[in-house]
Structures are given as C-alpha cells and as structure tokens.
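As a plain string of letters, each chain reads:
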Amino acid sequence: MRSVLITGCSRGIGLELVKQLTAHKSAPEFIIATCRKPEEARALQELSKKHKSIHVLKLDVTDFSSLGGFAKDVEGIVGDEGLNLLINNAGISGNKTAKLADLKAEELAEIYKTNTIAPILLTQALVPLLRKAASHNASAQLGIGKAAIVNISSGLGSVSRNTFGGYYGYRESKAALNTSTRSISHELAADGILVMTLHPGWVKTDMGGKEADLTVEFSASEIVKTLFKLGKEHQGAFLQYDGSVLPW
Ligand SMILES: NC(=O)c1ccc[n+]([C@@H]2O[C@H](COP(=O)([O-])OP(=O)(O)OC[C@H]3O[C@@H](n4cnc5c(N)ncnc54)[C@H](OP(=O)(O)O)[C@@H]3O)[C@@H](O)[C@H]2O)c1
C-alpha cells in the first residue's frame, strides 16, 4: 500500500491508526490524515512534524460542498498512482441514553449526516483516485495493495445483535452505513476496489468512554493487522477489529 487517507484523525481511533501505520514495517509512503480543526489537533501536528509521510488536511466530512476541492488536494499529494485506501473513520455518537420521547429531528439528522451520508459522499469524491490506484496495480490481488474502502462502523449497527435497544440515531446511522457499504461493494467490484465495513470493538476513546473493553492501541493494532489481510473474500463484508465476521 502506497497511500492511505483516514478521516477524523484529531483523536481516538483515527489518530492511533495514523501512529501505527506510520510505524508499520510496510508503512505507506503517503498517510493523509484529515481533521476538521488542524490547528487544534496538537498530537497529530506533533506526529506529522516527525514523519514526512503524514499529510494533515482539513476536512469537515459534513461540509459536502468542499469535497470536490478536497479530492483535488488529495490528488496533488498521491499523484497519478491514485489512492490505495480510504478509511471513513470520523463519526459521532449523539446522546447514548436518550429515550424515544427525547429524540429531536435535528440531532438524529446530524448523526445520519456525519456517520452515513458523509462516508458515501467522500467515497463518491475519491472514487476516481481509488480507480486510478486499482488500475495502476491491476495485477495485484484485491485488497489494500490495490484499492480499498474501509468504513468504520459499529457492532451497534448490527440489527441482529440489537438485543437491548438504545443508542438512537447512532445504531440507525451505522446500520445504514453497513447496507450502503454492501451496495457500493457491488458497484465498485468490477473496478477492482474492495469495499467493507469494520467494527473497531468497544474502545476507550472519548466516544467509547473509560469503561470500554479495549485500549485504543490494541484496537488499532488489530485493525492494522486485519487491513493487511483483506482479500477478495472480504468484498462487502462486515468484520470486527480482529477480522472475525459480524452478523448484519
Ligand atoms: N470508541 C468505540 O467504542 C467505538 C465503537 C464502535 C465504533 N466506533 C467508531 O469508530 C470511529 C472513531 O471513533 P472514536 O472512538 O475514535 O471517537 P472519538 O474519539 O470521539 O473521535 C471521533 C473523531 O471523529 C471526528 N469527527 C466527528 N465529526 C466530524 C466531522 N463532521 N468532520 C470531521 N471529523 C469529525 C472527531 O473530530 P473532532 O476532534 O474535530 O471532534 C474525532 O477525530 C467512529 O466512526 C465511531 O463511530 C467507535
């Protein structure tokens, strides 16, 4: 893999993925780490000063009118060989404990806009660069060495695992992300682009909270291992961080 683009790298899983990919034995030549307020993303800025491979780009994933110009900036970095891997990681959880009576249209719409519409439209904007990478690596196996889109979903987006309810807005947004992943995987298969959705585990980040199961370092290291193992059998799949298959 020569190039990767990750959204939401100011903190949490996105930042840790940047750290671990930078230190990887097969580190990509270009790691495009996006965040909505680069001036406030101090840890990311410090890291990028130490590693020339990291390119910090400003992106609010819900600023849809900026995506065309953003894609041009990405092209300026990766050039004619295109983009190998897009990781749609940025996300919001909304009010985790809200009951039906508490729900507000604007809050639900904001979650859906960030977690579902944004990954779809960023994929749309970057598909020409992913196609370039796929054709540049035409003889490579399907996977991140060719071209791939990994949508960071959630186990809470699994309908069959929804045995206790709650997390309004968030569950729906990730279930919708999952089914759009499947549709996009069908559409882009002929281009040699792998498209799948991945649950990072319950992770100790600002979103996951202190009680979560996994450290961010462990989750990201498992995710990175899984990324390097992706192949044609994972086209349209829903996996968790360690590569095991999740129910829809
Ligand atoms: N932590 C968990 O237990 C867990 C479990 C399942 C799935 N996930 C998923 O994993 C992904 C990362 O979560 P996390 O735990 O790392 O969360 P986090 O610590 O809350 O970080 C979220 C990241 O997303 C960014 N973001 C939010 N809205 C954005 C927008 N409109 N434009 C650009 N960036 C935006 C945030 O940027 P700012 O700093 O600018 O706000 C931040 O970098 C999310 O998709 C989440 O749903 C997490």
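It should be noted that the structure appears before, not after, this text.
Bear in mind that the values here come from a model prediction, so they are computed numbers and not experimental data. Residue positions are given per chain, counted from 1 along the sequence in the order it is written. With pLDDT at 70 or above as the cut-off, local features in this predicted model cover only qualifying residues; side-chain atom pairs require 80 or more to be listed or tallied, and sums for whole chains, interfaces and linings still use all residues. Processing note: side-chain calculations cover all non-hydrogen atoms of the structure and skip hydrogens and water entirely.

Peer 1: Give a detailed account of the pairing of strand S5 (residues 148–152), specifying residues and quantitative values.
Peer 2: Two faces make up the sheet, and in a regular strand the side chains alternate between them. When you tally the buried positions in S5, you get five out of five residues, the bulk of the element. Residue alternation in S5 divides its side chains into two sets, Ala148, Val150 and Ile152 and Ile149 and Asn151, and both sets are buried. Strands are labelled as partners when DSSP assigns at least two bridges between them. Helix and strand definitions here come from DSSP, where helices need a minimum of 4 consecutive H or I residues and strands a minimum of 2 consecutive E residues; each element is numbered from the N-terminal end. Relative to S5, strand S4 (residues 85–88) runs parallel, the two being bridged by four bridges. When the bridges of S5 are listed, leucine 86 appears paired with isoleucine 149. Handedness of a crossover: with both strands directed away from the viewer, a clockwise path from the first strand across the helix to the second marks it as right-handed. Crossover handedness for the path S4 to helix H4 (residues 105–136) to S5: right-handed. Here S5 runs beside strand S6 (residues 194–199); their pairing, made up of five bridges, is parallel. Residue pairing in the sheet places isoleucine 152 in a bridge with leucine 198 of S6. Considered for its hand, the β-α-β crossover made up of S5, helix H5 (residues 170–188) and S6 is right-handed. Categorising residues by exposure relies on relative accessible area from a 1.4 Å probe, with only protein chains included: less than 20% of the type maximum marks a residue as buried, more than 50% marks it as exposed, and the intermediate range marks it as partly exposed.

Peer 1: Which residues make up the packing of aromatic side chains, and what values do they have?
Peer 2: Note on aromatic contacts: the rings of Phe and Tyr and the six-membered ring of Trp form a pair at centre separations within 6.5 Å, being stacked when their planes are under 30 degrees apart, edge-to-face when over 60 apart, and tilted otherwise. Tallied over the entire structure, the rule returns two aromatic pairs. An angle of 65° between the planes, with centres 6.3 Å apart, marks the rings of phenylalanine 218 and tyrosine 241 as edge-to-face. Linking phenylalanine 218 in helix H6 (residues 216–229) with tyrosine 241 in the segment after strand S7 (238–240), this pair joins segments that are 23 residues apart in sequence. Its relative accessible area of 14% is what places tyrosine 241 among the buried residues.

Peer 1: Before we move on, can you summarise the nonpolar core with the specific residues and values?
Peer 2: Side-chain atoms within 4.5 Å are what join buried Ala, Val, Leu, Ile, Met, Phe, Trp, Tyr and Cys residues into a set we call a nonpolar core. Within the largest apolar cluster, 36 residues are counted, with the highest numbers of intra-cluster contacts made by Val18, Ile87 and Val150. At the level of secondary structure, the elements contributing two or more residues to this core comprise strand S1 (3–6), helix H1 (12–23), strand S2 (30–35), helix H2 (42–50), S4, S5, S6 and H6. The contact criterion used is simple: two residues touch if any of their non-hydrogen atoms lie within 4.5 Å. Beyond its immediate chain neighbours, meaning those up to four positions away, valine 18 contacts Ile6, Cys9, Ile31, Ala33, Leu44, Leu47 and Ile54. Judged by nonpolar contacts, the second largest core, of 29 residues, contains Phe30, Val127, Ala133 and Ala134.

Peer 1: Residues and numbers for H4, please.
Peer 2: Multiplying 1.5 Å by the helix residue count minus one yields the expected span of that helix. With 32 residues, H4 should cover 46 Å at 1.5 Å per step; its first-to-last C-alpha distance of 44 Å lies within 8% of that length. The seven residues ending at a residue and the seven starting there each receive a fitted axis; the angle between those axes is the bend at that residue. Of all the bends in H4, the largest measures some 50° and sits at leucine 126, one to four residues before the proline proline 128.

Peer 1: I'd like to hear about the sheet that holds S2, residue by residue, with values.
Peer 2: On the basis of which strands lie adjacent, the open sheet formed by seven strands has the order S3-S2-S1-S4-S5-S6-S7 and parallel pairing. A strand with exactly one partner marks an edge of an open sheet, and here the two such strands are strand S3 (54–58) and S7. With strand direction ignored, the average angle separating the axes of adjacent strands in the sheet is 20°. Each of S1, S2, S3 and S4 touches H1; the most contacted strand, S1, lies at about 165° to it. Interaxial angle, 0 to 180 degrees, is taken between N-to-C directions of lines fitted to C-alpha atoms, where a helix line uses only the stretch in contact. Contacting S1, S4 and S5, H4 crosses the sheet at an angle of about 175° to S4.

Peer 1: Residues and numbers for the site of the ligand, please.
Peer 2: Residue proximity to a molecule or strand is established when one non-hydrogen atom of the residue lies within 4 Å of it. Taken together, 30 residues sit near the ligand, with Ser10, Arg11, Asn89, Tyr170 and Thr205 positioned nearest. Two N or O atoms count as a polar contact when they lie within 3.5 Å, although within protein this holds only if one can serve as hydrogen donor and the other as acceptor, and sequence-adjacent residues are included solely when both atoms are side-chain atoms. Within the backbone of glycine 8, one N or O atom sits 3.1 Å away from an oxygen atom of the ligand. At 2.8 Å from an oxygen atom of the ligand is found a main-chain nitrogen or oxygen belonging to isoleucine 13. The method behind every accessible area is Shrake-Rupley, applied with a 1.4 Å probe, and residues are considered shielded solely by the protein chains displayed. For the ligand, whose free accessible area comes to 890 Å², the fraction covered by protein is 93%. Elements with a minimum of two residues in the shell around the ligand: H1 and H5. Polar here means any residue other than Ala, Val, Leu, Ile, Met, Phe, Trp, Tyr, Cys and Pro, which are nonpolar, and Asp, Glu, Lys and Arg, which are charged; Gly is therefore polar. Classifying every residue of the shell around the ligand by side-chain character gives 12 nonpolar, 13 polar and five charged.

Peer 1: Describe the pattern of salt bridges, listing the residues and the values that go with them.
Peer 2: Think of a salt bridge as a Lys or Arg side-chain nitrogen and an Asp or Glu carboxyl oxygen that are within 4 Å of each other. The full count for this structure, using the stated rule, is nine salt bridges. Where lysine 132 meets aspartate 80, a salt bridge forms, and the shortest distance between an N and an O atom there is 3.9 Å. Remark: aspartate 80 occurs in the loop between helix H3 (67–78) and S4 and lysine 132 occurs in helix H4; sequence separation between them is 52 residues. Note on lysine 132: relative accessible area 26%, which makes it partly exposed. Put simply, Arg2, Glu29 and Glu81 are held in one network by salt bridges that share partners.

Peer 1: So what's going on with H1? Residues and values would help.
Peer 2: Taking 1.5 Å per residue, 12 residues should reach 16 Å; H1 reaches 17 Å between its end C-alpha atoms and fits that length. Among the residues making up H1, those that are buried are Ile13, Gly14, Leu15, Glu16, Leu17, Val18, Gln20, Leu21 and Thr22. Considering only its buried residues, H1 is in contact with S1, S2, H2, S3, S4 and H6.

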